[in-house]
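A structural walkthrough
Residues per chain, in single letters:
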Amino acid sequence: MHIEEHIKLWNLASIKIWDVRHRVLRAGEQVNAYRLPVSGFLYTIRGSAAVTLDGTTYAVDKMQVLHGGKGVCLDITLTDNHFEYYIILYRANLSLSGSREIQALLKQHAPFHVQYAFVPSYPADLYDKVQKIDQYWRLTDEFAKFQVKTLFYQFINELMRQLNMQDIQTAKPNLVAQAVRYLHENYALPIMVDPLAELLDCSAGHLSRIFKKETGSSLITYLTRIRMDKAKELLLRTDASLQEIAEGIGIPDVIYFNRLFKKQVGVSPGRFKQVCISLPVSQDITIGRSELSIVRHKLRAYNPTDDDNHYQYKREGDLRTLMKSRQSVTMLLILSLTLLLAACSSPQNTSPASGSGQNGSAQPTAVAQSTEQPALQERVIKHAWGETVIKGEPKHIISLFPAATDYLLALGIVPQAASSNEEGSDQFPTYLSDQLEGKMNLGWQVDPNFESILATDPDLIIGQDFMGDAYGSLSKIAPTLLAEKVKDEQGVIRMKTSLLKMGEMLGRTEQAKQVIEEYEKKATDAREKIKQAIGDETVMFLRLSDKEVRYYSKRNYEVLYDDLALTPPSSIPDPAESMQIISMESLPSINPDHIFLLSSDPEETSELEKTAVWKGLKAVKNNHVYMVDYGLWFQGPGGPIGQSKIIDEAVHWLTQ
């Protein structure tokens, strides 16, 4: 433990005491899977126990100190007939505007997040501080609150002094291991990435990236596998109904559970049970006994009577779900299925089998009444995935990908719900957020979440062309169109062609032509301004990702290299290759005059800027490195609004 560095960070941090508790565990009592809501110290008074922090077990006796960061999972099992301890929970904040040295120190040492345990050389000095902190915490006046904070700093001062006398090993928390354990223990709860990331004290984007890197799948996909494994276990070992099993694994609607199970396992739940069980289920296995661990909840906190300590385990609140109520989703699913069957069986239905499967088809019992109303105008749209029938003018349109949202907004259509900026985020793309204010956020939909889509009750779904495999399922919810990013013979994505095609499908060809005309004028004016400012100086777009430097060609960035006619580095990859990883050593030989730099991790940027290679580049020396926004520069290319705003930013930077 580097005490001097820890003290420096403690000295700069803003500290808030979150809670102080004094507790005695007696024979038969224990603490199971309590996840620290903030960082905390545990100070033992008497007795002994096995204390586990995120899987690391410490044999603890009286007068010992343990520390864990936010999100650490705490378990206490008695090895004596009683165990008495204090727990002090605190929150430490450091200003993000601190120096690079401080940011580097925080990344390397993280004193508020590491876990450790040690036996103090002078326990009475620490005990005195802890006892007084608890005493003043029970009071309510402002002086007492101030005294608590004063005593806490004295406790830290004495703690650091004694730690400096010993060689204490610390362990940084493993975020992926914490997330995996949380998913296994709480799969029956509604889980979203953002609240889980907040619980583990990291950003949703960072958690999603490292989780996928270490496990090979997204967090939600991993959760789905856990749920399906539990469902198979219940199907094979119990007589529980499908509804009971679905609810027990956190999927409140049995129809969606059936569809998801068949997608993951390959057969329906009923067929799985029929094939896999060769003998009748034992009469001893009753539903009451068959619940296994799904509905049996362990003691999760150090005080079972205090609701404040269980906030992360409630079924409402921070761990929210995009679903509507269970009843409304169930009724919507049943209604959709009923109307779909009616459409398939009705003799009046002449729509092709590959059509949209829209839920506006009349049921047989309502045919006589429907003649009293004027027929809705129908449009049949042919596209790469079949034919989609749209009746009337759709009022509740949703978009499943940022580029599709860009097309819609450019054509004057504001979707009622749209996808988020990236995996794990609940924010719209920054450059579109002002036009989507007040609209529902669907979350990241690269792998469509049919449950959340169905809950929005759409009458038209706009997706992206890479979602072709999901087209059939989406069409059963509502008429579906997939926006295409049209490429030329070189593989370059052409925004204007793509927009025109989308405009034709939506009956807005003239609007698309108008947008294209205005875009071409903007690009022409911008091209002339930039040419006058920088001439033939080279411009490069780089992205930092997972400690790699990536260069993107004009296949994705026609806006830079065609529309603005910027001069790329001489080593630009073939347009057929959209991305190329560049070694740091090769950057000096490329040595562009200007660099647009994209990074979602400030720490990676800080590390790059320290290198001698980076400091030696012309663009760096001349202050011609421009930090760009992820939402615009990574999601924007290919969309008319995104590319227009990229033009504005390029003109601003290159002509200033």
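No experiment lies behind these values; they were computed from the predicted model shown. (Residues numbered from 1 in each chain as written. Predicted model: local features only at pLDDT ≥ 70, side-chain atom pairs only at ≥ 80, totals over all residues. Heavy atoms only, no water.)

1. Thoughts on the sheet that holds strand S18 (residues 594-599)
- Spatial strand order, S17-S16-S15-S18-S19: 5 strands in an open sheet with mixed pairing. Both outer strands of the open sheet, strand S17 (579-582) and strand S19 (625-628), are each paired with one neighbouring strand and no more. Across the sheet, the mean angle from the axis of one strand to that of its neighbour is 30°, orientation sign disregarded. (Pairing = 2+ DSSP bridges. Helix = DSSP H or I, 4+ residues; strand = E, 2+ residues; numbered from the N terminus. Axes fitted to C-alpha atoms, helices over the stretch in contact; angles between N-to-C directions.)

2. So, the pairing of strand S5 (residues 65-68)
- Side chains of S5 alternate between two faces, with Val-65 and His-67 and Leu-66 and Gly-68 buried alike.
- Pairing of strand S3 (residues 39-53) with S5 involves 4 bridges; the strand directions are antiparallel. Within S5, the residue paired with Tyr-43 across the bridge is Val-65.
- Two elements, S5 and strand S7 (residues 116-118), share 3 bridges in a ladder whose sense is antiparallel. In the strand pairing of S7, Leu-66 is matched with Ala-117. (Buried < 20%, exposed > 50% of the residue type's maximum accessible area, 1.4 Å probe, protein only.)

3. Digging into the pattern of salt bridges
- A full pass over the atoms with the stated rule returns 21 salt bridges.
- The shortest N-O distance in the salt bridge between Lys-132 and Asp-128 comes to 3.6 Å. Pair noted here: Lys-132 and Asp-128 are both in helix H3 (residues 123-137), with a separation of 4 residues, about one helical turn.
- When its relative accessible area of 30% is taken as the criterion, Asp-128 is described as partly exposed.
- With a shortest N-O distance of 3.5 Å, Lys-232 and Asp-229 are connected by a salt bridge. Separated by 3 residues within a single helix, Lys-232 and Asp-229 lie in helix H8 (residues 219-237), roughly one turn from each other.
- In the salt-bridge network here, residues are joined through shared partners; they are Asp-488, Arg-494, Lys-554, Glu-558 and Asp-562. (Salt bridge = Lys/Arg side-chain N within 4 Å of Asp/Glu carboxyl O.)

4. A look at the environment of Asp-648
- Mapped onto the elements, Asp-648 comes out in helix H25 (residues 640-655).
- The partly exposed category is assigned to Asp-648, whose relative accessible area is 41%.
- On a C-alpha basis, the gap between Asp-648 and Lys-522 in space is 8.9 Å, while along the polypeptide they are 126 residues apart.

5. Observations concerning the side chain of Asp-563
- By secondary structure assignment, the location of Asp-563 is in helix H19 (residues 558-563).
- Of the side chains with opposite charge, Lys-496 comes closest to the buried, unpaired Asp-563, at an N-O distance of 4.4 Å.
- Ignoring anything within four residues of it in the chain, the contact list for Asp-563 reads Lys-496, Tyr-519, Ala-523, Arg-527, Glu-558 and Gln-643. (Lys, Arg positive; Asp, Glu negative; His and termini not counted. Contact = heavy atoms within 4.5 Å.)

6. Overview of the sheet that holds strand S14 (residues 480-483)
- Strand order in the open sheet made by the 5 strands is S12-S11-S10-S13-S14, with parallel pairing throughout. Every other strand in the sheet has two partners, leaving strand S12 (440-441) and S14 as the edge strands with one partner each.
- Of the strands in this sheet, strand S10 (397-399), strand S11 (417-418), strand S13 (460-464) and S14 touch helix H14 (residues 402-410), which is tilted by about 125° from S13.

7. With respect to the nonpolar core
- With 69 residues, the main nonpolar core has Phe-541, Leu-542, Leu-560 and Phe-596 as its most contacted residues.
- Considering every element that reaches this core, the biggest residue donor is helix H18 (residues 509-534), with 8 residues.
- Residues contacting Phe-541, with those up to four places away along its chain left out, are Arg-550, Tyr-551, Tyr-552, Tyr-557, Leu-560, Tyr-561, Phe-596, Leu-598, Val-628 and Trp-633.
- Ranked by size, the runner-up nonpolar core spans 31 residues in total, among them Ala-417, Ile-453, Leu-454 and Ala-478. (Core = buried A, V, L, I, M, F, W, Y, C linked by side-chain atoms within 4.5 Å.)

8. Some thoughts on unusual backbone geometry
- Here the phi dihedral of Asp-457 falls at roughly 55°; this positive angle occurs in a residue that is not glycine.
- Structurally, Asp-457 can be placed in the loop between helix H15 (450-455) and S13.
- Of note in this structure, Asn-591 is not a glycine but carries a positive phi near 45°.

9. A word on the packing of H14 against H25
- Between H14 and H25, the least distance of the axes is 7 Å, while the angle of their chain directions is 90°. Overall, the two elements H14 and H25 adopt an arrangement that is roughly perpendicular. Here H14 contributes Asp-406, Tyr-407, Leu-409 and Ala-410 to the contact with H25, which in turn contributes Pro-640, Ile-641 and Gly-642. (Parallel < 35°, antiparallel > 145°, perpendicular 65-115°, else oblique.)

10. Overview of the packing of helix H1 (residues 3-12) against helix H4 (residues 142-163)
- Relative to each other, H1 and H4 sit at 170°, their axes nearing to 10 Å. Between H1 and H4, the angle falls in the class roughly antiparallel. Residues Ile-3, His-6, Ile-7 and Trp-10 of H1 form the contact with H4, whose participating residues are Phe-152, Ile-156, Met-160 and Leu-163.
- Taken together, the residues of the contact of H1 with H4 break down into 7 nonpolar, 1 polar and no charged. (Nonpolar A, V, L, I, M, F, W, Y, C, P; charged D, E, K, R; others polar.)

11. Regarding the packing of aromatic side chains
- Taken as a whole and judged by the stated rule, the model has 25 aromatic pairs.
- Relative to Tyr-222, the ring of Phe-211 has its centre 5.4 Å away and its plane inclined at 90°; by these criteria the two rings are edge-to-face. In this pair, Phe-211 sits in helix H7 (residues 204-215) while Tyr-222 sits in helix H8, placing the two residues 11 residues apart along the sequence.
- Note on Tyr-222: relative accessible area 18%, which makes it buried.
- Arranged with centres 6.3 Å apart and planes meeting at 40°, the rings of Trp-633 and Trp-653 form a pair that is tilted. You can see Trp-633 sitting in helix H24 (residues 630-633) and its partner Trp-653 sitting in helix H25, a full 20 residues away along the chain.
- Accessibility expressed as a relative area gives 0% for Trp-633, which makes it buried.
- By way of ring pairs, the aromatic residues Phe-541, Tyr-552, Tyr-557, Phe-596, Tyr-626, Tyr-630, Trp-633, Phe-634 and Trp-653 are connected into one cluster.
- Taking NZ or CZ as reference, Arg-543 lies 4.2 Å from the ring centre of Phe-634, over its face. (Phe/Tyr/Trp six-rings, centres within 6.5 Å; stacked < 30°, edge-to-face > 60°. Lys NZ or Arg CZ within 6 Å of the ring centre and 35° of its normal.)

12. A closer look at the confidence of the model for the protein
- For the protein, the average pLDDT comes to 78, and 78% of its residues sit at 70 or higher.
- When mean pLDDT is taken per element in the protein, H18 scores highest with 95 and helix H13 (residues 367-370) scores lowest with 37.
- Contacts of residues 278-374 to residues separated by more than four positions or lying in other chains number 155 contacts, the stretch itself having pLDDT below 50. (pLDDT = per-residue confidence, 0-100.)

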